[in-house]
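# Structural description and commentary
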Amino acid sequence: MCGIVGYAGNKSVESVLMVGLACLEYRGYDSAGIAVIDHDELEIRKEKGKIKALEALLREKPVRGNVGVGHTRWATHGEPSQINAHPHTNEKQTIAIVHNGIIENYMQLKMKLQSLGYIFLSNTDTEVISHLLSMELSAKKTVKEAFLSLFKTIQGKWAIAAVFEREPDKVYFAQDGAPLLIGKGKREYFLASDLSALVRNSTEVCYIKPKQWGYFSKEELVLFDFDGNDVVPEMKKQEAKWEDVDKGGFPHYMIKEIYEQAGIFRKIIDRRIKENGELDFSEMGLSKEILSKVNRIVIQAAGTSLHSGMIGKHYLEQFTKIQTDTEMSSEFRYRNPVVEGDTLIIAISQSGETADTLASIHEAKAKFLKVLSMVNNVNSTIARESDAFIDTCAGMEIGVASTKAFTAQVLHLLLFAMYFSTIKWMMSDELRKELIDEIKQLPTKIEYILNKAPEIEKWAQDFINTKDFVFLGRTYNHPIALEGALKLKEISYIHASGYAGGEFKHGPIALITSEVPVVCIANKSEIYPKMISNIQEIKARSGKIISIVTEGDVEAKSLSDYCFEVPACHEFLSPILNVIPLQLLSYYVAIARGCTPDQPRNLAKSVTVE
Ligand code: M6R
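Computed from a prediction, not measured in an experiment: that's the story for all the values here.

### Brief notes about the packing of aromatic side chains
Aromatic ring pairs are defined here through the distance separating the ring centres and the angle between the ring planes. Within the structure shown, the criterion is met by 31 aromatic pairs. Taken together, F147, F151, W158, F164, Y172, W213, Y215, F224 and F226 form an aromatic cluster joined through their ring pairs.

Take a look at the structure:
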């Protein structure tokens, strides 16, 4: 949440910062701003709204210089406005700060500073930082002393970048719980909240760890810890490619990422399934001996990752017979859960930076539990702070609505449960072989579904004015009903709820009218007749049926107003194929309603605040 960028080099800082902000806009788009050192003087430009508004301001009032910081905001404290936009500054306008995260004790600090005569312009928590630094500097402290004192004063999870008129060639930065990276180019350094903004210019990157801070000029990067000790920067080769962050000819990242799923599955299959059928989780670093002692599993995650975890619960219980529970990270961390030492915690996160999920990892570690994370960003805080991690291999996901990361998580949970079953000797060789064969067919089946996307695009027009949607699924596809509903509401703003088919008659069926479409996931499986009963009950109440069925289906199809056929597959794999038409439905309905799928209202990718 919130994107921050910084630059010191020989290029025009205005263009470097604006390119960086455009790459990070998915982290927040309420307002944007930059601060640059222009002829030794601090210049700030900021504007409410998306980055386009800031671009327009810069056309009227350009800035020059080679050193600066920038910000794109997802509002936490104070409404989206020009005044609350970052950068924030001190009264003399000699310091500019951009910030991601929350300063939890800002109110106390603000009152104290106000009692000392400091005048605040904004309603943000960030502004205390610029006044605190200013106060320390006016007490004749050095910038280093001012920062060390700041770290003892502020509380919360945050990352900042700053420029000072008195040190015009430097960008200062610090982090304590929110991601920050420094990129190295040719006689230049870049700063960003995530890799996507560094791909174009940086050949090497350094991931700043919690409680580290420092500065860079165009010539050098200097790093310290919060006690003021020197730290040697660990530079890594920057391996992402421009194609990873480009829309590749698609109008939105979301649809590009939906279409990437077949290719990603091919890569995962190549990486995880050896020629002899054995599964490869060599990067995991959690020994078979440790896994063999696990007696309970708790999967904790948020949003879409929680839905994949719910499917993972089925896989793990089926294949290992170990009791597995799923928990919302935001609940797990506060409810003092009963967990024994032989419980394995699996944390799932695309970004690896979700604050609730990270806090639950800390809670689990405080209870001396082993934590295995499944992350898409292997350089993330969650990967670093877990005992072991699995790379879900979906490639950089930029669309706010998670799509390819979800299916990659589900496939990894399936493969991991199969791997785990070899330790517990719980799965027959026949089933293992059958599943591996079926998994290998998934990329082709996904392509087949994507080729039929125009069918769903056509339906979307019929739902432009729909107010409510219901999604129903059972067992492996109950989480898909939840996921279909989440996708639709987050990008098209249509109210949608997902239910387990069996629960529907216990209350929610009261919602049904001819105005409420019901998406019924009704593949051929043991519970197919039960889904048919759901469909009949809805029809009897004049509900509109959209069904997702197995190719060749007759019965469910004949009862449906809209029907999408997915290729036949093993029931265990059906969630992967079923979710794709639902991703497409939410995308095309959002487009038909004139929404912006990559920048949904009030949301941001990577929820780094609690
Ligand atoms: O990065 P994470 O997987 O930890 O993110 C968790 C949720 O914030 C995320 O899945 C969110 O629900 C998405 N916007 C869903 O599309």
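### Observations concerning the packing of helix α4 (residues 127-138) against helix α5 (residues 143-153)
Put simply, α4 and α5 touch, their axes get as near as 9 Å, and they point 130° apart. One way to sum up the angle between α4 and α5 is to call them oblique. Handedness of the crossing formed by α4 with α5: right-handed. On α5, the residues touching I129, L132, L133, E136 and L137 of α4 are V143, A146, F147, S149, L150 and T153. The residue inventory of the contact of α4 with α5, partitioned by class, reads 8 nonpolar, 2 polar and 1 charged.

### Description of the domain arrangement of the protein chain
The domain boundaries assigned to the protein chain delineate domain 1 (3-245), domain 2 (247-440) and domain 3 (446-594). Summarising the inter-unit geometry, the C-alpha centres of domain 1 and domain 3 are found 45 Å apart.

### Focus on the pairing of strand β9 (residues 181-184)
Relative to strand β10 (residues 189-192), β9 runs antiparallel, the two being bridged by 4 bridges. Bridge assignment links G183 to a residue of β10, and that residue is F190. Counting the residues between successive antiparallel strands, the hairpin from β9 to β10 contains 4 residues, one of them, R187, with a positive phi of roughly 50°. Where β9 lies against strand β11 (residues 204-207), 4 bridges are found, and the strand directions are antiparallel. Paired with G183 across the bridge in β11 is V205.

### Let's talk about the site of the ligand
Taken together, 14 residues lie around the ligand, and S305, S349, S351, T354 and E490 are the ones closest in. The contact in question runs from an oxygen atom of the ligand to an N or O atom on the backbone of Q350, over 2.7 Å. Interatomic distance of 2.7 Å between a side-chain N/O atom of S351 and an oxygen atom of the ligand. In isolation the ligand exposes 410 Å². Once the protein is present, 88% of that is buried. Looking at the shell around the ligand, the elements with two or more residues in it are α10 (303-320) and α17 (478-492). At 3 residues, α10 tops the list of elements feeding residues into the shell around the ligand. Residue composition of the shell around the ligand, grouped by class: 4 nonpolar, 8 polar and 2 charged.

Basis of the calculations
Throughout, a residue's number is its position along its own chain's written sequence, starting from 1. Per-residue local features of the predicted model are confined to residues with pLDDT of at least 70, and side-chain atom pairs are confined, for both listing and counting, to 80 or more; whole-chain, interface and lining totals are unaffected and use all residues. Calculated side-chain values reflect all of the structure's heavy atoms, with hydrogen atoms and water omitted. Classification of ring pairs rests on two measures: the distance between centres of Phe, Tyr or Trp rings, Trp counted by its six-membered ring, which must be within 6.5 Å, and the angle between planes, read as stacked under 30 degrees, edge-to-face over 60 and tilted in between. Axis angles are defined between N-to-C directions and span 0 to 180 degrees, where every axis is a line fitted to C-alpha atoms and, for a helix, only to the segment in contact. For helices the rule is a DSSP run of H or I covering at least 4 residues; for strands it is a run of E covering at least 2, with both sets numbered from the N terminus onward. Roughly parallel means an angle under 35 degrees; roughly antiparallel, over 145; roughly perpendicular, 65 to 115; everything else is oblique. Helix crossings fall into two classes, left-handed where the near helix is turned counterclockwise from the far one by less than a right angle and right-handed where it is turned clockwise. In what follows, residue pairs with any heavy atoms lying within 4.5 Å of each other are defined as contacts. Only Asp, Glu, Lys and Arg are considered charged, only Ala, Val, Leu, Ile, Met, Phe, Trp, Tyr, Cys and Pro nonpolar, and every remaining residue, Gly among them, polar. Note that the domain bounds were set by an automatic or database domain assignment. Two strands are said to pair when DSSP picks up at least two bridges between them. By convention in these notes, a residue is near a molecule or strand provided one of its non-hydrogen atoms lies within 4 Å of it. A 3.5 Å cut-off defines polar contacts: any pair of N or O atoms within that distance qualifies, except that in protein one atom must be a possible hydrogen donor and the other a possible acceptor, and neighbouring residues in sequence count only when both atoms are side-chain atoms. For accessible areas, the Shrake-Rupley method is used with a probe of radius 1.4 Å. Any residue's cover is judged against the shown protein chains and nothing else.

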